[in-house]
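# An overview of the molecular structure
Each chain is listed here by its residues.
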Amino acid sequence: MHRLTLCAALPLALIACNSSGEAVASGDETTAVAAISPIDRLPFETMSIATFAEPWAMTFLPDGRALVTERKGVLKLVTLTDNTASMVTVSGTPDVAYGGQGGLGDVVLSPDFTNDGFVYLSFVEKGAGKDGGGTSGAAVARAKLVTAADGSASLQGSQVIWRQEPKVSGKGHYGHRIAFGPDGMMYISSGERQKFDPAQDLDMNLGKIVRLTPTGGIPSDNPMYDQGRIKAQIWSYGHRNPLGIAFDGAGQLWNSEMGPKGGDELNLVKRNANYGYPKVSNGDHYDGRDIPDHSPEDGFVPPKVWWNPVISPSSLMIYTGDLFPAWKNSAFIGALSGQALVRVALDGENAEKADNWPMESRIREVEQGPDGAIWLLEDGGGGSKGRLLKLTPVK
Ligand SMILES: [Ca+2]
Ligand SMILES: [Ca+2]
């Protein structure tokens, strides 16, 4: 068993995680800190605020309420008061194709939400024809969030403004996280749908990060703007399943990515850059086939940080709050198989693994709250609910 796995799986053992997430023995293994639970050692207090059915994403409104998506297609508007929650279901959400990794996905606000009221949702839809011909793909819709005096809420004027093309078989690797940049443009992470080569095929928008205007148009400064409708969307390529995208305080775009076996990644995303999948990866295919590692001068951009064994990064948040001052400009990554909250310290274009805190459940989403608290959504599923967790400094 690898030491990192041991650290997560045997939290009561006499083991502590050092800054790289590796396990280190803590003195005499027969007499040391056996009574201390790992939760007591975490540098934050964790409160369970609410539960959801397979929650996937959340975002905060300017008034402190939150929107939470549930994968079967439900959007909740959540009012948070003194560490309790009440919620209503928002009507008018798109029909989603639920199954496998598919369903309702990300939710983000328009950069001008206070004035325009637009929210953006990603979701999976079936292909055309009877039962979609067995195909599906991610899409992004924009709609106006309207809240009424009686507390009800609806999405109005919903329009699909982007789609994965082509729709293909299978129900995995949709990606479909959304982030707005300081340039006002919308970036969408698009997974390669477990089809490998599309990540290198510039006539498909699978395995890419695409950059669009807030209405789904093509910005004229995209790298392949004049090379046809699909190429024109592409900002970066050679991605596998990019499940997190976020901008840092300097306006740089980062993405966390589920790579192949031994190859989960945090990338600094640059315009027109090729991140290599499936031609190169520091991991290898799950069926055992080799993938050449990144090497200098191979033409592919290597990750800033990678994980072996994998953590299964679900989400990415770059912290700008004041509640945890030591973690400003750190990247926070939710880990699914890793069952952890992972911190990576960012310094300009460099990144370094910093912490790997065991959370004892699959973490699907990481979000920063208005007051700088860190919020997590557990994955749930398999009959269990996913909790909404609020992390605050230890008093
Ligand atoms: Ca979010
Ligand atoms: Ca490799």
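Look a little higher up for the structure.
Summary of the structure given here. (Residues numbered from 1 in each chain as written. Chains lettered and ligands numbered in written order. Predicted model: local features only at pLDDT ≥ 70, side-chain atom pairs only at ≥ 80, totals over all residues. Heavy atoms only, no water.)

## With respect to the environment of lysine 195
Put simply, the test is: Helix and strand definitions here come from DSSP, where helices need a minimum of 4 consecutive H or I residues and strands a minimum of 2 consecutive E residues; each element is numbered from the N-terminal end. Relative accessibility decides the category of a residue: with a 1.4 Å probe and only protein chains considered, values under 20% of the type maximum give buried, values over 50% give exposed, and everything between is partly exposed. Between N or O atoms, a polar contact is any pair within 3.5 Å; within protein, one atom must be a potential hydrogen donor and the other a potential acceptor, and residues adjacent in sequence are included only when both atoms are from side chains.
Tracing the sequence through the fold places lysine 195 in the loop between strand S14 (186–190) and strand S15 (208–212). We classify lysine 195 as partly exposed; its relative accessible area is 32%. It is 9.6 Å that separates the C-alpha atoms of lysine 195 and proline 278, two residues lying 83 residues apart in sequence. In this structure the side chain of lysine 195 is engaged in a polar contact, spanning 2.9 Å, whose partner is the side chain of serine 169.

## As for the nonpolar core
We apply this condition: Throughout, nonpolar core names a set of buried Ala, Val, Leu, Ile, Met, Phe, Trp, Tyr and Cys residues whose side chains join them through atoms within 4.5 Å. A contact between two residues is defined here by any heavy atoms of the two lying within 4.5 Å.
Within the largest apolar cluster, 23 residues are counted, with the highest numbers of intra-cluster contacts made by Leu61, Leu67, Leu75, Val90, Val119, Leu145 and Leu155. Residue assignment for this core shows that the elements contributing at least two residues are strand S4 (55–60), strand S6 (74–81), strand S8 (104–109), strand S9 (118–126), strand S10 (135–147) and strand S11 (153–163). Not counting chain neighbours up to four residues away, the residues in contact with leucine 67 comprise Ala57, Met58, Thr59, Leu61, Leu75, Lys76, Leu77, Val90, Val107, Leu109, Val119 and Leu145. The next biggest cluster of nonpolar side chains, apart from the first, holds 17 residues, and it includes Leu316, Ala331, Ala340 and Val344.

## Re the coordination of the calcium ion (ligand 1)
Tetrahedral coordination by four donors sets the ideal angle at the metal to 109.5 degrees; octahedral coordination by six donors sets it to 90 or 180 degrees. Keep this limit in mind: Metal-coordinating donors are taken as N, O and S atoms lying within 2.8 Å of the metal, or within 3.2 Å when the metal is Na, K or Ca; because water is left out, some sites can appear incomplete.
Those protein atoms acting as donors to the calcium ion (ligand 1) are Met58 (O), Glu365 (OE) and Glu367 (OE), and they sit at 2.3 to 2.4 Å. Expressed as a motif, the donor residue spacing for the calcium ion (ligand 1) is M-x306-E-x1-E. The exposure class of glutamate 365 is buried, given its relative accessible area of 3%. Take glutamate 367: its relative accessible area is 19%, and that puts it in the buried class.

## Concerning the sheet that holds S4
Hydrogen bonds between backbone atoms are what pair the strands of a sheet, whose relative direction is either parallel or antiparallel. Our working definition: In this analysis, strands are considered paired if DSSP registers two or more bridges between them. The angle between two axes is taken between their N-to-C directions and runs from 0 to 180 degrees, where each axis is a line fitted to C-alpha atoms and a helix contributes only its stretch in contact.
Judged by pairing direction, the sheet is antiparallel, and its 4 strands sit side by side in the order S4-S5-S6-S7 without closing on themselves. Sheet topology places S4 and strand S7 (84–90) at the edges, where each strand pairs with a single neighbour. The mean angle between the axes of side-by-side strands here comes to 25°, regardless of whether they run parallel or antiparallel. Here 5 bridges tie strand S5 (residues 66–70) to S6, and the two strands are oriented antiparallel to one another. What sits directly across from valine 68, in S6, is lysine 76.

## Regarding unusual backbone geometry
Between tyrosine 277 and proline 278 the backbone carries a cis peptide bond, its omega angle lying at -5°. Relative to the assigned elements, proline 278 resides in the loop between strand S19 (264–269) and strand S20 (305–307). Cis geometry marks the peptide bond from asparagine 308 to proline 309, where omega comes out at 5°. As for its position among the elements, proline 309 is in the loop between S20 and strand S21 (313–318). The phi torsion at aspartate 82 lies on the positive side, around 45°, for a residue other than glycine. Note that aspartate 82 resides in the loop between S6 and S7. The phi dihedral of asparagine 83 falls on the positive side, at around 65°, and the residue is not glycine.

## Here we look at the coordination of the calcium ion (ligand 2)
Around the calcium ion (ligand 2), the protein contributes the donor atoms Ser281 (O), Gly283 (O), Asp284 (OD), Ile291 (O) and Asp293 (OD), at 2.2 to 2.7 Å from the metal centre. Look at where the donors of the calcium ion (ligand 2) fall in the sequence and you get S-x1-G-D-x6-I-x1-D.

## Side note on the pairing of S10
The sheet contact formed by S9 and S10 spans 9 bridges and is antiparallel. If you follow tyrosine 120 over to S10, its bridge partner there is arginine 142. One ladder, built from 2 bridges, connects S10 with strand S12 (residues 168–169); its direction is antiparallel. Bridge pairing in S12 places threonine 135 opposite serine 169. Direction of pairing for S10 relative to S11: antiparallel, over a ladder of 8 bridges. Directly across from alanine 139, in S11, lies its bridge partner arginine 163. Counted along the chain from S10 to the antiparallel partner S11, the turn is 5 residues long, and its residue glycine 151 has a positive phi close to 95°.

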